[in-house]
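Residue strings, one per chain:
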Amino acid sequence: MSENPLISARGLSVGFKIGAGLFSKSILKAVDNVSLDIARGSFFGLVGESGSGKTTLGRALLKAVPITGGHAVYNDDQVSYDLGTLTGPALKDYRKRAQLIFQDPYAALSPRMTVRDIIAEPLEVMGLTKTREETDARVREIAAKCRLNLEHLRRFPHAFSGGQRQRISIARALVSRPNFIVADESVAALDVSIQADVLNLLKEIQREMGLTFLFISHDLSVVAHTCDNLAVMYLGRLVETAPTRVLFKAPRHPYTKALFSAIPSLDPDDRSGGQKLTGEIPSPTNQPPGCKFHTRCPHVIDRCRIEEPTLENPGDGHAVSCHRWRELLALPAG
């Protein structure tokens, strides 16, 4: 793995104007001052509740939504792009290098196109192949990697199960031979047994093709199985980042601890309630002052209500955004 990150974001923000009219000033802060590095060849996980900004961050890194603050850089040693200012031919080239795997395999595929045409479409739109024979060869190659038979290429999406449809979606994302893949809840709509098969396929393809993944999920058991590093997001901001094993072993932020305590135990005799969160995530258009989590945090103090914490890295690669994280380490679990 290279020391230089493939994706590097500093103070990245994405905001949307809310309401109609010329003088509307209400801004929805979907992503707010996010800084992170995604190492080349890594499987980087992003977790958080619904509405935390995970999908918007992933789409910003794909240049699918406008970046309204800060900057993000893509660098694969061949090219370097500032994603905030990317336009024209450079943006078209970036589309070949960065792709998205959608969440819903049933809605992501056109029912009027054969599997062959669905997978071939990016090649034809981007002009990556010159002849139909070359296109077919690339389609067959990537279909084999995704465990699709040649006979599947002649069929339509309605003939396939959810897991097979997701493999078609994966093949379509990979056919342009990208370096960066955003997988947005890409197994959430699948049965548990099928989830494991698709996750193993993604890891196998990642190792074989040297891909870099941003894996967005709300399922902590899934990210524990797949991801090398993990970032936890709350109300548009990162509250904790660390290597996955380190984060699962010793979470530092109260929000992360609450998420982990919600993971169901396989022990039928386990009656521990864990740490429960009360209330709902605040509205992105009316965010509380100070720490964004203070309205739900069981350890809140006056400083939390006034002063917003920064993402602090004490030098061990485990960064946390909490005023009290050091003293909370001494408290018993639960």
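Cut-off values and rules
Residues numbered from 1 in each chain as written. Predicted model: local features only at pLDDT ≥ 70, side-chain atom pairs only at ≥ 80, totals over all residues. Heavy atoms only, no water. Helix = DSSP H or I, 4+ residues; strand = E, 2+ residues; numbered from the N terminus. Rg over C-alpha atoms; globule rule 2.2 N^0.38 Å. Buried < 20%, exposed > 50% of the residue type's maximum accessible area, 1.4 Å probe, protein only. Contact = heavy atoms within 4.5 Å. Areas by Shrake-Rupley, 256 points an atom, 1.4 Å probe, with all protein chains shown as cover. Pairing = 2+ DSSP bridges. Axes fitted to C-alpha atoms, helices over the stretch in contact; angles between N-to-C directions. Phe/Tyr/Trp six-rings, centres within 6.5 Å; stacked < 30°, edge-to-face > 60°. Salt bridge = Lys/Arg side-chain N within 4 Å of Asp/Glu carboxyl O. Arc of directions from axis to C-beta. Polar contact = N/O pair within 3.5 Å; in protein donor to acceptor, adjacent residues only side chain to side chain.

(A) Expanded view of the overall build of the chain. Tallying secondary structure elements over the chain gives 11 helices and 11 strands in all. In summary, the chain has a C-alpha radius of gyration of 21 Å against a globular reference of 20 Å for 334 residues, a match within 12%. Residues counted as buried form 50% of the 334 residues belonging to the chain. Put simply, of all contacts in the chain between residues at least 6 apart along the chain, 65% involve residues at least 24 apart. For the chain, the exposed surface amounts to about 16,300 Å²; the carbon and sulfur share of it is 51%.

(B) Molecular detail of the sheet that holds strand 3 (residues 43–47). Taken in spatial order, the seven strands line up as 6-7-8-3-9-10-11 in an open sheet, and their pairing is mixed. On the outer flanks of this sheet lie strand 6 (98–101) and strand 11 (319–320), each paired with one strand and no other. As paired strands, strand 7 (residues 180–184) and strand 8 (residues 212–217) are joined by five bridges and run parallel to one another. Its bridge partner being in strand 8, isoleucine 181 is matched across the sheet by phenylalanine 213. Contacting strand 3, strand 6, strand 7, strand 8 and strand 9 (229–234), helix 1 (residues 54–61) runs over the sheet at an angle of about 160 degrees to strand 8. On top of the sheet, helix 5 (residues 162–174) reaches strand 6 and strand 7; it is set at about 170 degrees to strand 6, its chief contact.

(C) Region of the structure containing the packing of aromatic side chains. Evaluation of the coordinates by the stated rule reveals eight aromatic pairs. A ring pair is formed by tyrosine 234 and phenylalanine 293, whose centres lie 5.2 Å apart and whose planes are at 85 degrees; its orientation type is edge-to-face. Taken together, the residues span a long stretch of sequence, with tyrosine 234 in strand 9 and phenylalanine 293 in the loop between helix 9 (254–261) and helix 10 (302–306) at a distance of 59 residues. One aromatic cluster in this structure is built from Phe43, Phe213 and Phe215.

(D) Local environment of the sheet that holds strand 1 (residues 5–18). Here we have four strands laid out as an open sheet, ordered 2-1-4-5, and antiparallel in their pairing. In this open sheet, the two edge strands, each paired with only one partner strand, are strand 2 (26–39) and strand 5 (80–82). Averaged over all neighbouring strand pairs, the angle between strand axes comes to 20 degrees, with direction disregarded. Pairing geometry for strand 1 and strand 4 (residues 69–75), over five bridges, is antiparallel.

(E) The pattern of salt bridges, seen in detail. In total, this model carries 23 salt bridges according to the counting rule given. We note a salt bridge from lysine 145 to glutamate 208, for which the minimum N-O separation is 2.5 Å. You can see lysine 145 sitting in helix 4 (residues 132–145) and its partner glutamate 208 sitting in helix 6 (residues 192–209), a full 63 residues away along the chain. Its relative accessible area of 21% is what places lysine 145 among the partly exposed residues. Here lysine 292 makes a salt bridge to glutamate 308, at a shortest N to O gap of 4.0 Å.

(F) Representation of the environment of asparagine 229. When you line up the elements, asparagine 229 lands in strand 9. Overall, the relative accessible area of 25% leaves asparagine 229 in the partly exposed class. In the structure, asparagine 229 is positioned 62 residues away from arginine 167 in sequence and 24 Å away in space, judged by C-alpha atoms. Residues in contact with asparagine 229, not counting those within four places in the same chain, are Phe43, Phe44, Gly45, Ala242, Pro243 and Thr244.

(G) Highlighting helix 2 (residues 88–97). Inspection of helix 2 places Leu91, Asp93, Tyr94 and Arg97 among the buried residues, and these make up the whole buried set. Viewed end-on, helix 2 has its buried residues packed into an arc of 160 degrees, placing them on one side of the element.

(H) Local environment of the side chain of aspartate 32. Checked against the element boundaries, aspartate 32 lands in strand 2. Under the relative-accessibility criterion, aspartate 32 is labelled buried at 14%. Polar side-chain contacts of aspartate 32 include one of 3.5 Å to the side chain of arginine 237. The residues contacting aspartate 32, other than those within four sequence positions of it, are Leu12, Ser13, Gly236, Arg237 and Gln287.

(I) A look at the environment of glycine 290. The topology assignment puts glycine 290 in the loop between helix 9 and helix 10. Relative accessible area serves as the criterion here: at 7%, glycine 290 is assigned to the buried category. Spatially, the C-alpha atom of glycine 290 lies 14 Å from that of asparagine 33, the residues being 257 residues apart in sequence. Ignoring any residue separated from it by four or fewer positions in sequence, one finds glycine 290 in contact with Cys304, Arg305, Ile306, Glu307 and Glu308.

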